[in-house]
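# Report on the structure
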Amino acid sequence: MADILESLMKKKVIVTGGTGYIGSHTAVELITGGFEVVIIDNLYNSDISVLEGIRAITGITPKFYDNDLCDRKRLDEIFTAEGKVDAIIHFAAYKAVGESVRKPLEYYRNNLVSLMNILEMMESHNSHALVFSSSCTVYGQPDTLPVTEASPVREAASPYGYTKQAGEIIIRDTMASRPSHNAVSLRYFNPIGAHPTAFIGELPRGVPENLVPYITQTAIGLREELKVFGTDYDTPDGSCIRDYLHVVDLAKAHVAALKRMLDGGSKANYEVFNLGMGKGVSVLEAIAAFEKVSGVKLNYSITGRRAGDIEKIWADPSLANRELGWMAEITIEEAMETAWRWENKLKNKGS
Ligand code: WQD
C-alpha cells in the first residue's frame, strides 16, 4: 500500500531525448531526486541500452516510448496514456553543428516542429512546466566575457545555433500567452565527462565532432590523432577557449530548475540561465588535463581553424548560482577522468 501511495505522490516528468547524453544523466538525477521519469526518444542519436545503465545506477528502469516527437498524433496518444504530467524536460533535437550546415531543412523541421508539438501538448494536456535545452551557441562570439544572460544574442554560426535561438523565442512568446505556465531555457556551455559509475556516458555516432570524445577515442586507439583546430587565436596559448562543465553538474541544474518552478519559485514565467563553470579553458589546457589524469601522452597535431568556431567564451553563472542554488563543482581533471573511465568501459564492453 505504501508503495502505491508513494507512487501516487511522485511528480511525473516526461524527458524527451532521455536516452541521449545529457538526457540520460538528467534522468538519473531526477529518479534519485524522487521524480517518476518517462522517456520519449526515437533513438536517432542514442541507444536503448542506456535504459539499462539508468537502471544499474538508480535501480529503476524509466518507462520508455520509442517515438519521433514530430509525430503529433502519436505524441498526443502518449500524453493521454500518461495522464497527469507535472513537467517536461525537452532535450530531443539534432545537435551536430557541422551536420546542421549540410542538412539545414532537416534541422529546422526536426528541432522546431518537435518543440512546437511539445508546447501544444502542454496546453492540451494541462502540463504547465517546461525546461528547454538551449546552448551558449546563441551568443555567437561575445564582445565581453564572461557572458551573462543579458549579453546580446548574436548571429548564429550554424543552422543548429539558429534552432536554439528560434526555440527560445517560440517558448518566450508562447509563455507570454500562457500566464499559468512556466518555462526556463538552460544555456549549456560545454558538457563533458561521464557518470562516475561508468554505466552511462557519451555515445557519439561515428566520428565525434566534440573535443573530449575525440581525445578519449584517440587515447584508446580508435582514432589516429587528434587535430587541434588552430593555435593562431588571440588567446594565451593560441587555442580556442571554452567553459567545460561536467555532465552530472549540468544534470543537477535541470532538477534544481524544475523544482524551483514546481515549488513556485519562478520570478517570471519565462527565464533563462547560463550553465557553466565560469572558467575558460583552452584546447591545449584540456589536452594537458586529460594527459595528467590518464597518464596517456596524447597524439595530436595542430591544423587550421574549423569553420564556425568562435575564439573564446565562458559563462558568468552567478544568476543560476543564486536563483537555482546550483553551482558546477566537478573540475576539468575529474571530468576527464570520468570520460577516460567511460571510454575504457566501452572498449571492454566491445571486447
Ligand atoms: C570545443 C573546442 C574546437 C574537436 C559545440 C556546440 C555547442 C554544444 C557543444 C550542443 C573548439 C576544438 C574540437 C576536435 C578541436 N553542442 N576541437 N579538435 O564547438 O565549442 O560547441 O558542442 O549543444 O552548442 O556548438 O564544442 O567540443 O566541438 O569544440 O580542436 O577534433 O575544441 O575547435 O575550440 P563547441 P567542440
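What comes next concerns the included structure. (Residues numbered from 1 in each chain as written. Predicted model: local features only at pLDDT ≥ 70, side-chain atom pairs only at ≥ 80, totals over all residues. Heavy atoms only, no water.)

### Observations regarding the side chain of Ser-239
Stated formally: The secondary structure listing takes helices from DSSP runs of H or I that are at least 4 residues long and strands from runs of E that are at least 2 residues long, numbered from the N terminus. Relative accessible area decides the class of each residue, using a 1.4 Å probe on protein chains only: under 20% of the type maximum gives buried, over 50% gives exposed, and in between gives partly exposed. In protein, a polar contact means a hydrogen-donor-capable atom and an acceptor-capable atom, both N or O and within 3.5 Å, with residues adjacent in sequence counting only if both atoms are side-chain atoms; elsewhere, any N or O pair within 3.5 Å suffices. Here a residue-residue contact requires only that any non-hydrogen atoms of the pair lie within 4.5 Å.
Among the secondary structure elements, Ser-239 is positioned in the loop between strand 8 (226-229) and strand 9 (241-242). Ser-239 gets classed as buried once you look at its relative accessible area, which sits at 0%. Only 3.3 Å separates the side chain of Ser-239 from the backbone nitrogen of Val-283, close enough to count as a polar contact. A distance of 3.3 Å separates the side chain of Ser-239 from the backbone nitrogen of Leu-284, its partner in a polar contact. Setting aside residues no more than four positions away along its own chain, Ser-239 makes contact with Gly-230, Thr-231, Tyr-233, Ser-282, Val-283 and Leu-284.

### Section: the packing of aromatic side chains
Applied cut-off: A pair of aromatic rings is counted whenever rings of Phe, Tyr or Trp (Trp by its six-membered ring) have centres within 6.5 Å, and the orientation is called stacked for planes under 30 degrees apart, edge-to-face for over 60 and tilted otherwise. Charge-over-ring placement is defined geometrically: NZ (Lys) or CZ (Arg) within 6 Å of the ring centre, and within 35 degrees of the ring normal.
Counted according to the given criterion, the structure contains 3 aromatic pairs. Arranged with centres 5.3 Å apart and planes meeting at 90°, the rings of Phe-290 and Trp-340 form a pair that is edge-to-face. Residue Phe-290 is located in helix 10 (residues 283-294), and its partner Trp-340 is located in helix 12 (residues 332-350); the two are separated by 50 residues in the primary sequence. Like Phe-290, the residue Trp-340 is buried in the burial classification. A network of ring pairs unites the aromatic residues Tyr-44, Tyr-94 and Tyr-107 as a single cluster. The ring centre of Tyr-44 lies 4.4 Å from the NZ or CZ of Arg-205, which sits over that ring.

### Section: the site of the ligand
Keep this limit in mind: We call a residue near a given molecule or strand whenever any one of its heavy atoms falls within 4 Å of it. All residues other than Ala, Val, Leu, Ile, Met, Phe, Trp, Tyr, Cys, Pro, Asp, Glu, Lys and Arg, Gly among them, are scored as polar; the first ten of these are nonpolar and the last four charged.
The environment of the ligand is made up of 19 residues, and the closest members are Tyr-160, Leu-211, Lys-227, Arg-242 and Asp-309. The separation between an oxygen atom of the ligand and a polar side-chain atom of Asn-190 is 3.0 Å. At 2.6 Å from an oxygen atom of the ligand is found a side-chain nitrogen or oxygen belonging to Arg-242. When residues in the shell around the ligand are grouped by element, the largest group, 4 residues, is from strand 8. Classifying every residue of the shell around the ligand gives 10 nonpolar, 4 polar and 5 charged.

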